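Chain residues, written in single-letter form:
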Amino acid sequence: MNGNMNLTLKVWRQKNAQTAGKFVTYKAENISPDMSFLEMLDVVNESLTHKGDEPIHFDHDCREGICGMCSLYINGHPHGPKRAITTCQLHMRTFHDGETITIEPWRASAFPVIKDLAVDRSAFDRIQQAGGYVSVNTGGVPDGNAIAIPKIIADEAFNSATCIGCGACVAACKNASAMLFVSAKITQLGLLPQGQPERYRRVQSMVAQMDEEGFGSCTNTGACEAECPKEIKLTNIARMNNDYLSAKLFREEEIHEEQHGA
């Protein structure tokens, strides 16, 4: 016995967002427990190609847990059953010989299926474009270390900035809410001095874009934090809600005027 595994895969196959999809069963044979999950899919796709069948489409890029592209729903969990890792960091030793593994794409109307397991997450890009930036004078830029920022604030901003925009929070939420993603992107800028000029306009613009994209409301169940591969905290949502309320109560007219050139 070489310790390799034989597995049954139930994979979601779907031509595009306008076509109905279905689960198709495949055999994954002689799989090394040291393979990553994506390497296992590569082996399956190689076998399908040799048979003249169409390979399974899925997203990937860095395979180092940085880019967030490898977004798969595995056995009922975004990125699989282990905590704080992405799919590309999931190894086959997590599973057992003879096990059946169910693989699906993210399920959210705001993430339409491109093909099979790949979905269109450009909604996140549009939310970022709505306000996820700072205005700076690129003329004599001071050294970053010259700006005094308390360590606790710097740490909070850094932790929020670790969000890779994979969409696991949306996939985990029964309402497909993007609140954790949006609040992390707002927090990483809103806590720092450089992010203050757009602070209240940013939160209104990004939340408005989130709603326009069709994401659901927050369920307050904490599933997003539990499934986030970077362990982004729910406190970001509370901070975003506080800024949003402040903006609506005290800054909405000012922002409205700015946006319409008044």
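Everything discussed here concerns the structure shown above.
Residues numbered from 1 in each chain as written. Predicted model: local features only at pLDDT ≥ 70, side-chain atom pairs only at ≥ 80, totals over all residues. Heavy atoms only, no water.

### Comments concerning the overall build of the protein
Where we set the bar: Helix and strand definitions here come from DSSP, where helices need a minimum of 4 consecutive H or I residues and strands a minimum of 2 consecutive E residues; each element is numbered from the N-terminal end. Burial classification: accessible surface area is computed with a 1.4 Å probe over protein chains only, and a residue below 20% of its type maximum counts as buried, one above 50% as exposed, and the rest as partly exposed. We get accessible surface area from the Shrake-Rupley algorithm with a probe of 1.4 Å; when it comes to residues, only the shown protein chains can shield them. Note that His is not counted, nor are the chain ends; the positive residues are Lys and Arg, and the negative ones are Asp and Glu. Where a charge lies is defined by one atom per residue type, namely NZ (Lys), CZ (Arg), CG (Asp) and CD (Glu).
The secondary structure content of the protein amounts to 8 helices and 7 strands. Dimensions of the protein, computed from the C-alpha atoms along their principal axes, are close to 70 × 40 × 35 Å. Looking at the protein residue by residue over its 262 residues, the buried ones come to 44%. Total accessible area on the protein stands at roughly 13600 Å², and carbon and sulfur atoms take up 49% of it. The protein carries 25 positive and 32 negative side-chain charges, and their two centres are separated by 4 Å.

### A word on the side chain of R202
For the record, the criterion: Whenever two N or O atoms come within 3.5 Å, that pair is a polar contact, provided that in protein one can donate a hydrogen and the other can accept it, and provided that, for residues adjacent in sequence, both atoms are side-chain atoms. It only takes one pair of heavy atoms within 4.5 Å for two residues to be counted as in contact.
Structurally, the position occupied by R202 is in helix α6 (residues 199-213). Polar contacts involving the side chain of R202 include one to the main-chain carbonyl oxygen of G131, which spans 3.1 Å. Every residue in contact with R202, bar those within four places of it in the chain, is listed here: G131, Y133, V134, I186, L189, G190 and G195.

### Section: the pattern of salt bridges
Applied cut-off: What makes a salt bridge here is a side-chain nitrogen of Lys or Arg within 4 Å of a carboxyl oxygen of Asp or Glu, nothing more.
Tallied over the full model, the rule gives 11 salt bridges. Linking D116 and R13 is a salt bridge whose minimum nitrogen-to-oxygen distance equals 3.1 Å. Placement of the pair is D116 in the loop between β6 (113-115) and β7 (118-119) and R13 in strand β1 (residues 5-13), with a sequence separation of 103 residues. For R13, a relative accessible area of 13% corresponds to the buried category. As a salt-bridge pair, E104 and R107 come within 3.1 Å of each other at their nearest N and O atoms. With relative accessibility at 38%, the residue R107 sits in the partly exposed group.

### Some points on unusual backbone geometry
At N30, a position not held by glycine, the phi torsion is positive, near 55°. Turning to its location among the elements, N30 is positioned in strand β2 (residues 22-31). Residue N30 is classed as partly exposed on the basis of its relative accessible area of 47%. In this model, H79 sits at a positive phi of 70°, which is unusual for a non-glycine residue.

### Here's the deal with a nonpolar patch on the surface
For clarity, the cut-off: Patch members must show over 30% relative accessible area and no salt bridge, and they are joined within 9 Å when carrying like charges or within 5 Å when they are nonpolar side chains of Val, Leu, Ile, Met, Phe, Trp or Tyr.
On the surface, L245, L249 and F250 cluster together into a nonpolar patch covering about 370 Å² of accessible area. Mapping L245 onto the fold places it in helix α8 (residues 235-259). For L245, a relative accessible area of 49% corresponds to the partly exposed category.

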